[in-house]
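# Architecture and fold: a report
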Amino acid sequence: MKQKVAFIGLGVMGYPMAGHLAAAGHQVSVYNRSSAKAETWLTEYAGQCVATPKEAAQQAEIIFICVGNDEDLREIMLGEQGVLAGISPEKIVVDHTTTSAKVAKEMAAECEALGVSFYDAPVSGGQIGAQKGQLTIMLGGDEGHFAKVKAVTNAYAKCSQLLGPVGSGQLAKMMNQICIAGIVQGLAEALQFGQNAGLDCQAVIDVISKGAAQSWQMENRSATMLQQRYDFGFAVDWMRKDLDIALQEAKNNGSSLPLTALVDQFYADVQKLGGNRWDTSSLLARL
């Protein structure tokens, strides 16, 4: 069934995600802090632009959010013109922002008091995944409205999985980023090793990618790493934000993340090289 939906936050991820909702035939209202971005979106897709998150919540049955961090989410949700100022019972909020599990639980409690369902739903797949409609969504929340949410998010996701109560989606995203950090560092070290040994690294990758060393990073980033191309993809600044969330959570739950902490500092070195907006595969540039 087609739904009345709102999408708040038209960044590199939200812009195409909202576009997929419109292309799927849903009635879409969009809000962005920079109204020019929302107006540009309207030149490409069918929908309407609203002036505030409050107005977005008034007009939609499901409100999707994709902003920067914990404080951005609090502002969008709790501000004078925020989502909760305009929402009514039985509606659904789906937050695609990568945040702490703590703020997800805070927002869920605020929603519950108003009879509203809240799902923390961070995504994996990056800008390319958003553009192609091939994201993976990790959700936390109750089972009651999950099927309804999944039916709508299928417009831009290849996989949506409910993993437990609110906060579970964010914790799963932390696991995702922990895995990526270690894999990218290992790939960077292997490529540097091969170059120093005088090997044809692309030929080696063609072989080892058929075996146990294969990974998404190897398949999608090794060629551009060898070309020293990093001006695309998931930015180092964003990765450091995500790893900081994971490292803080690890302190809270007693986990030891020595490799993650080390790679986080390697990304800090990349930032010192001016690579704040480089793709996360730029760990090779540091080496």
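Scroll up a little and you will see the structure.
Owing to the predicted nature of the structure, the values given are computational and were not obtained by experimental measurement.

Along the polypeptide, Ser100 turns up in the loop between β5 (92–95) and α6 (101–112). A polar contact of 2.6 Å, which involves the side chain of Ser100, links it to the side chain of Asp70. At 3.1 Å, the side chain of Ser100 and the backbone nitrogen of Val103 are in polar contact. Not counting residues up to four positions away in its chain, the partners in contact with Ser100 are Asp70, Gln170, Met174 and Ile245.

What follows deals with the sheet that holds strand β9 (residues 157–162). Strand order across the open sheet formed by three strands is β7-β8-β9, with mixed pairing between neighbours. Whereas interior strands pair on both sides, the edge strands pair on one side only; in this sheet they are β7 (123–124) and β9. By the bridge criterion, two bridges tie β7 to strand β8 (residues 135–139) in an arrangement that is antiparallel. For Ser124, the partnering residue across the bridge sits in β8 and is Thr136. Lying over the sheet, helix α9 (residues 168–196) contacts β7 and β8, oriented at roughly 130 degrees with respect to β8.

Side chains of Leu199, Val204, Val207 and Ile208 sit close together on the surface and give an oily, nonpolar patch of about 320 Å² of accessible area. Along the chain, Val204 turns up in helix α10 (residues 201–208). Classification of Val204 by relative accessible area gives partly exposed; the value is 31%.

Next up on the list: the pairing of strand β6 (residues 117–120). Residues Ser117 and Tyr119 of β6 are buried on one face, and the alternating residues Phe118 and Asp120, pointing to the opposite face, are buried as well. Pairing analysis gives four bridges linking β5 to β6, with the strands arranged parallel. Residue pairing in the sheet places Val93 in a bridge with Phe118 of β6.

Strand order in the open sheet formed by six strands is β3-β2-β1-β4-β5-β6, and the pairing between neighbours is parallel. One side of each edge strand has no neighbouring strand; the edge strands of this open sheet are β3 (48–49) and β6. Judged from the five bridges that link them, strand β1 (residues 4–8) and strand β2 (residues 27–31) form a sheet pairing that is parallel. Paired with Val5 across the strands is Val28, a residue of β2. Along the sheet, helix α4 (residues 70–78) makes contact with β1, β2, β4 (62–65), β5 and β6, crossing β4 at roughly 150 degrees.

This paragraph deals with the nonpolar core. The biggest cluster of nonpolar side chains holds 31 residues, and the ones touching the most others in it are Phe7 and Phe64. Considering every element that reaches this core, the biggest residue donor is helix α1 (residues 14–23), with five residues. In this structure, Ile8, Val50, Met77 and Met107 belong to the second largest nonpolar core, which totals 25 residues.

This part covers the side chain of Gln271. Take Gln271: it is sitting in helix α13 (residues 258–272). Non-local contacts of Gln271, meaning those with residues more than four positions away in its chain, are made with Val236, Asp237, Arg240 and Asn276.

Between the first and last C-alpha of α6 there are 16 Å, a value that for twelve residues agrees with the 16 Å anticipated at 1.5 Å per step. Within α6, burial applies to Ala101, Val103, Ala104, Met107, Ala108 and Cys111. Along the axis of α6, the buried positions cluster into a sector of 160 degrees, meaning they face one direction only. Contact partners of the buried residues in α6: α4, α5 (83–86), β5, β6, α9 and α12 (236–253).

Taken as a whole, this structure holds six aromatic pairs when the rule is applied. Aromatic side chains Trp41 and Tyr45 sit 5.1 Å apart centroid to centroid with 35 degrees between the ring planes, which places their arrangement in the tilted category. Ring geometry for Phe234 against Trp238: centres 5.5 Å apart, planes inclined by 65 degrees, an arrangement best described as edge-to-face. For Trp238, a relative accessible area of 27% corresponds to the partly exposed category. Put simply, the rings of Phe7, Phe64 and Tyr156 pair up and form one aromatic cluster.

A few words now on the pattern of salt bridges. In total, this model carries seven salt bridges according to the counting rule given. Among the ionic pairs, Arg286 bridges to Asp269, the shortest N-O distance being 2.9 Å. In this pair, Arg286 sits in helix α14 (residues 283–286) while Asp269 sits in helix α13, placing the two residues 17 residues apart along the sequence. One network of salt bridges, in which partners are shared, links Glu71, Arg74 and Glu106.

The rules behind these values
Residues numbered from 1 in each chain as written. Predicted model: local features only at pLDDT ≥ 70, side-chain atom pairs only at ≥ 80, totals over all residues. Heavy atoms only, no water. Helix = DSSP H or I, 4+ residues; strand = E, 2+ residues; numbered from the N terminus. Polar contact = N/O pair within 3.5 Å; in protein donor to acceptor, adjacent residues only side chain to side chain. Contact = heavy atoms within 4.5 Å. Pairing = 2+ DSSP bridges. Axes fitted to C-alpha atoms, helices over the stretch in contact; angles between N-to-C directions. Patch = residues over 30% accessible without salt bridge, like charges linked within 9 Å, V, L, I, M, F, W, Y side chains within 5 Å. Areas by Shrake-Rupley, 256 points an atom, 1.4 Å probe, with all protein chains shown as cover. Salt bridge = Lys/Arg side-chain N within 4 Å of Asp/Glu carboxyl O. Buried < 20%, exposed > 50% of the residue type's maximum accessible area, 1.4 Å probe, protein only. Core = buried A, V, L, I, M, F, W, Y, C linked by side-chain atoms within 4.5 Å. Expected span 1.5 Å × (residues − 1). Arc of directions from axis to C-beta. Phe/Tyr/Trp six-rings, centres within 6.5 Å; stacked < 30°, edge-to-face > 60°.

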